[in-house]
Amino acid sequence: MANLIDGKRISQEIKEELKIKVAQLKEQGIEGCLAVIQVGADPASSVYVRNKKRACAYIGIESRSYELSDETTEQELLSLIGKLNEDPAVNGILVQLPVPPQINENKIIQAIDPAKDVDGFHPQNVGALVSGLPGYVSCTPAGVIQLLKRSGISIEGKNCVMVGRSNIVGKPMSLLMLRENATVTIAHSKTKDLRDVCKQADILIAAVGKPKMIDASYLKEGAVVIDVGIHRSAENKLCGDVDFDSVFAHVEAITPVPGGVGPMTIAMLMHNCVEAMTR
């Protein structure tokens, strides 16, 4: 029977550690402040922003919230980012994605000072990850590494198949697994014989964006499965990219949805915010 990898428990563990670190930094006169910008009122984004604010309050850092209308122009958003870049009291800036269509997402990501880019999306931080230099690492992939390590799952020498190649998950995740000495294959929608490729995986990470796509036929017995996807099923229940019920009996360990990768993303955002306080 599979071990459930408990993201809720592990994320709580990380937040407790960060809470102690923040208290120690405050004793040295170092304060933390995260500025969160949301453009428009996308319901999912509003939930994420609320959770981020709660996490800041929990570990003891200030959060500033900027809720802008759907009609906000690109120039108005760039101007606000410019002010926050210059504000010495702010050490982390986050623009909640997606942004409305009149705003160029890449331009916004590049406008954030890389030293305050706690999401780890700026090309300078991505380049640092590729080169093995210090920088902020994208929160979801960093969270997956912590899930594996804190669950006692060794990565070194393992075959890892990353299904998905997005800039936010697939690419940085592959680089982090390489950094941990895994042998990494990146698979995607155009991969030939995707099932056969996935069956080589000791550790399979699914970030495909298709509900319950990965079933037992994609896995070898005893694989470790990390499910990054989150969707609503036809019955309006949360589910991932992995067909949990079909694979559970065949794997060594698996993350549930919800309660797996999701809580880790916010825990690692808090980790990056605390890192920003010490820089």
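Quick caveat, the model's predicted, so the values are computed rather than measured.

Undergrad: What is the right way to read the overall build of the protein from this model?
TA: For the protein, the count of helices and strands is ten helices and eleven strands. By principal-axis analysis of the C-alpha atoms, the protein measures approximately 55 × 45 × 40 Å. Taking all 279 residues of the protein together, 48% fall into the buried category. In the protein, once contacts between residues fewer than 6 apart in sequence are set aside, the share between residues at least 24 apart is 71%. Total accessible area on the protein is roughly 13300 Å²; 51% of this is exposed by carbon and sulfur atoms. Computed over 30 positive and 33 negative side-chain charges, the separation of the two mean positions in the protein equals 1 Å.

Undergrad: Would you mind showing me how to read a positive patch on the surface here?
TA: A surface patch of positive charge is lined by Arg165, Lys171, Lys190 and Lys210. Its place among the elements puts Lys190 in the loop between strand 6 (183-187) and helix 8 (194-198).

Undergrad: Help me understand the sheet that holds strand 8 (residues 224-227), please; the structure alone is not making it clear to me.
TA: Within a sheet, adjacent strands bond to each other through the backbone by hydrogen bonds, running parallel or antiparallel. Strand order in the open sheet formed by six strands is 1-11-8-7-5-6, and the pairing between neighbours is parallel. Pairing within the sheet leaves two strands with one partner each, and these edge strands are strand 1 (3-4) and strand 6. By the bridge criterion, four bridges tie strand 5 (residues 159-163) to strand 7 (residues 203-206) in an arrangement that is parallel. Paired with Val163 across the strands is Ala206, a residue of strand 7.

Undergrad: What am I meant to see in the pairing of strand 3 (residues 62-68) here?
TA: In the sheet, strand 2 (residues 33-39) pairs with strand 3 via seven bridges, with the strands oriented parallel. The partner of Cys33 across the bridge, within strand 3, is Glu62. Viewed along the sheet, the connection from strand 2 through helix 2 (residues 43-59) into strand 3 turns out right-handed.

Undergrad: Sorry, what's going on with unusual backbone geometry here?
TA: Note: most peptide bonds trans; most residues except glycine with negative phi. A cis amide bond, omega 0 degrees, links Leu97 with the succeeding residue Pro98. Despite not being glycine, Asn181 has its phi angle at roughly 70 degrees, a positive value. Within the element layout of this structure, Asn181 appears in the loop between helix 7 (170-179) and strand 6. Of note in the backbone geometry, Asn236 takes a positive phi value of approximately 65 degrees without being a glycine. Along the chain, Asn236 falls in the loop between strand 9 (231-232) and strand 10 (238-239).

Undergrad: Looking at this model, I keep getting lost on the packing of helix 2 against helix 10 (residues 261-278). Mind explaining?
TA: Each pair of packed helices gets described by two things: the angle between the helix axes and the distance between those axes. The contact between helix 2 and helix 10 brings their axes to 10 Å, and the two run at 50 degrees. One element, helix 2, and the other, helix 10, form an angle in the oblique class. For the element pair helix 2 and helix 10, the recorded crossing hand is right-handed. Contacts between helix 2 and helix 10 involve Tyr48, Asn51, Lys52, Ala55, Cys56 and Ile59 on the former and, on the latter, Ile266, Leu269, Met270 and Val274. The class makeup of the residues in the contact of helix 2 with helix 10 is eight nonpolar, one polar and one charged.

Undergrad: Even after reading the chapter, I still don't get empty space enclosed by the protein, so can you show me in this structure?
TA: Rolled over the atoms, a probe as big as a water molecule pinpoints where empty space is left. Following the criterion strictly, the structure yields one cavity of 30 Å³ or more and no others. Considering the residues around the largest cavity, the lining is formed by Ile93, Leu94, Val95, Leu97, Ile108, Ile109, Ile112, Asp117, Asp119 and Phe121. Of all the elements in the fold, those that place two or more residues in the lining of the largest cavity are strand 4 (92-95) and helix 4 (105-111). In terms of residues, the lining of the largest cavity owes the most to one element, strand 4, which gives three residues. Considering only residue class, the lining of the largest cavity consists of eight nonpolar, no polar and two charged.

Undergrad: It is not clear to me how the nonpolar core should be interpreted in this structure. Could you clarify?
TA: Counting 50 residues, the largest nonpolar core has Leu34, Met177 and Ile205 as its most contacted members. A per-element tally of this core places helix 10 first, with eleven residues. Setting aside residues up to four positions removed in sequence, Met177 forms contacts with Ile145, Leu148, Ile155, Cys160, Ala182, Val184, Ile203 and Ile205. Core analysis: the second largest hydrophobic core is formed by 19 residues, Ala187, Ala201, Leu219 and Ile254 among them.

Basis of the calculations
- Residues numbered from 1 in each chain as written.
- Predicted model: local features only at pLDDT ≥ 70, side-chain atom pairs only at ≥ 80, totals over all residues.
- Heavy atoms only, no water.
- Helix = DSSP H or I, 4+ residues; strand = E, 2+ residues; numbered from the N terminus.
- Buried < 20%, exposed > 50% of the residue type's maximum accessible area, 1.4 Å probe, protein only.
- Contact = heavy atoms within 4.5 Å.
- Areas by Shrake-Rupley, 256 points an atom, 1.4 Å probe, with all protein chains shown as cover.
- Lys, Arg positive; Asp, Glu negative; His and termini not counted.
- Charge placed at Lys NZ, Arg CZ, Asp CG, Glu CD.
- Patch = residues over 30% accessible without salt bridge, like charges linked within 9 Å, V, L, I, M, F, W, Y side chains within 5 Å.
- Salt bridge = Lys/Arg side-chain N within 4 Å of Asp/Glu carboxyl O.
- Pairing = 2+ DSSP bridges.
- Right-handed = clockwise from strand over helix to strand, strands pointing away.
- Axes fitted to C-alpha atoms, helices over the stretch in contact; angles between N-to-C directions.
- Parallel < 35°, antiparallel > 145°, perpendicular 65-115°, else oblique.
- Left-handed = near helix turned anticlockwise from the far one by under 90°.
- Nonpolar A, V, L, I, M, F, W, Y, C, P; charged D, E, K, R; others polar.
- 1 Å grid on protein atoms, 1.4 Å probe; cavity = no way out; pocket = protein on both sides within 12 Å on 5 of 7 lines; lining within 4 Å.
- Points joined across faces, edges and corners; volume = space filled by probe spheres on them.
- Core = buried A, V, L, I, M, F, W, Y, C linked by side-chain atoms within 4.5 Å.

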